[in-house]
Amino acid sequence: MTKEIINVKGTQINIFTEDHTNDYISLTDIARYKNEEDPRIVISNWMSSYSTIDFLSVWEELNNPNFNRMEFHTVRSEKGRLVMTPKRWIEKLNGIGIISKPGRYGGTYAHTDIAFEFASWVSPEFKLYIIKEYQRLKTEENNRLSLDWNLNRELTKLNYRIHTDAVKEFIVPALDFSKQKYAYSNEADILNLALFGKTAKQWRQENPNLKGNVRDHASINQLLVLSNLENYNSVLIEQGVEAEERLKLLNKLAITQLNKLNENEIKSLQKIKELNNKNH
């Protein structure tokens, strides 16, 4: 998970995200706006409300197939004052909408749907500021990702010319005339198999409703690796390496580079955010 930070009216709020899709916002940071000394009390008071746990249960039922509905009904029908905490919600009810994180950036986090509901309870005005900053963050993130993706997509197209030239010069002349027209698509699929684990035809069969091809739906890191694979395959073709062996070598390179890029991306994002925090 990668970390993002927004600053709302002097309060720093941490956000953790999985693949820029499922964001979890720190309830602990939001609660400090109401009680800086003991934010856990604020969270517990909010969760110890029947309207809150009813909301949480609906969210879990929509998003969590392992939610313990029987235990929820037991909790809901208990006599006396309701006492609910993040730990109890997670451990007793198998909740996933709220999570606890240890360490430097630890605390109680919740999915954005839940975090905004909590922020409304803390302060409607504060919630609006959070939403505004969160939207700004996502806009900047999407713009950055879009620019990087387009640059890498163009790079793969340029490198593909080098790749097709190698096919034309070293593979096509050695084939029967009837097989020459398939040479380019076959070599393209070697790259697809090495990187995506499937051919272009297999991808289309699995995704009949999506426009374009498998490369049009690749991640930024995948496109960058694809560009490197095109260059590497061109060299291997010139060296006369057989297709089966090239596929093994290309797949090994793809795995190595993707792992390294994903690792470096997380480290880079953390460094950038730390620098931004110091500047602010």
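As the structure is a prediction and not an experimental result, all values here were calculated from the model.

(A) View of the nonpolar core. Ranked by size, the top nonpolar core spans 34 residues in total, and within it Ile-13, Ile-25, Ile-30, Met-47, Trp-89, Phe-118 and Ile-130 carry the most contacts. By residue number, the principal contributor to this core is helix α6 (residues 112-122), which donates six residues. Not counting chain neighbours up to four residues away, the residues in contact with Phe-118 comprise Leu-27, Ile-30, Ala-31, Val-42, Ile-43 and Trp-46. Among the nonpolar cores identified, the runner-up in size contains 16 residues, and Ile-190, Leu-191, Leu-195 and Leu-236 belong to it.

(B) A look at the packing of aromatic side chains. What the rule picks out here adds up to eight aromatic pairs. Taking the centre distance of 5.2 Å and the plane angle of 80° together, the rings of Phe-16 and Tyr-109 count as edge-to-face. In this pair, Phe-16 is assigned in strand β2 (residues 11-18) and Tyr-109 in strand β5 (residues 107-111), connecting sequence segments 93 residues apart. You'll find Phe-16 and Tyr-109 in the same group, each marked buried. Note on Phe-67 and Trp-89: the rings are 5.7 Å apart at their centroids and 35° apart in plane angle, and the pair reads as tilted.

(C) Molecular detail of the pattern of salt bridges. This model, assessed by the stated rule, comprises nine salt bridges. Glu-125 is the salt-bridge partner of Lys-9, the closest N and O atoms lying 3.4 Å from each other. With Lys-9 in the loop between β1 (2-8) and β2 and Glu-125 in helix α7 (residues 124-170), the pair connects residues that are 116 residues apart, well separated along the chain. A residue is classified by how much of its surface remains accessible, and Glu-125, at 42% relative accessible area, is partly exposed. Ionic pairing is found between Asp-38 and Arg-40, a salt bridge with its closest N-O pair at 3.8 Å.

(D) Main features of unusual backbone geometry. The backbone phi angle of Lys-9 is positive, close to 50°, even though this residue is not glycine. Lys-9 sits in the partly exposed class, given a relative accessible area of 44%.

(E) Structural view of the pairing of β5. Along β5, four of the five residues are buried, which leaves the element largely enclosed by surrounding structure. In this sheet, β5 lies alongside strand β3 (residues 22-26) in antiparallel orientation, the contact comprising three bridges. Considered in β5, the bridge of Ile-25 is made with Ala-110. Note that strand β4 (residues 98-101) and β5 share four bridges and pair antiparallel. Directly across from Ile-99, in β5, lies its bridge partner Tyr-109.

Reading the values: the criteria
- Residues numbered from 1 in each chain as written.
- Predicted model: local features only at pLDDT ≥ 70, side-chain atom pairs only at ≥ 80, totals over all residues.
- Heavy atoms only, no water.
- Core = buried A, V, L, I, M, F, W, Y, C linked by side-chain atoms within 4.5 Å.
- Buried < 20%, exposed > 50% of the residue type's maximum accessible area, 1.4 Å probe, protein only.
- Helix = DSSP H or I, 4+ residues; strand = E, 2+ residues; numbered from the N terminus.
- Contact = heavy atoms within 4.5 Å.
- Phe/Tyr/Trp six-rings, centres within 6.5 Å; stacked < 30°, edge-to-face > 60°.
- Salt bridge = Lys/Arg side-chain N within 4 Å of Asp/Glu carboxyl O.
- Pairing = 2+ DSSP bridges.

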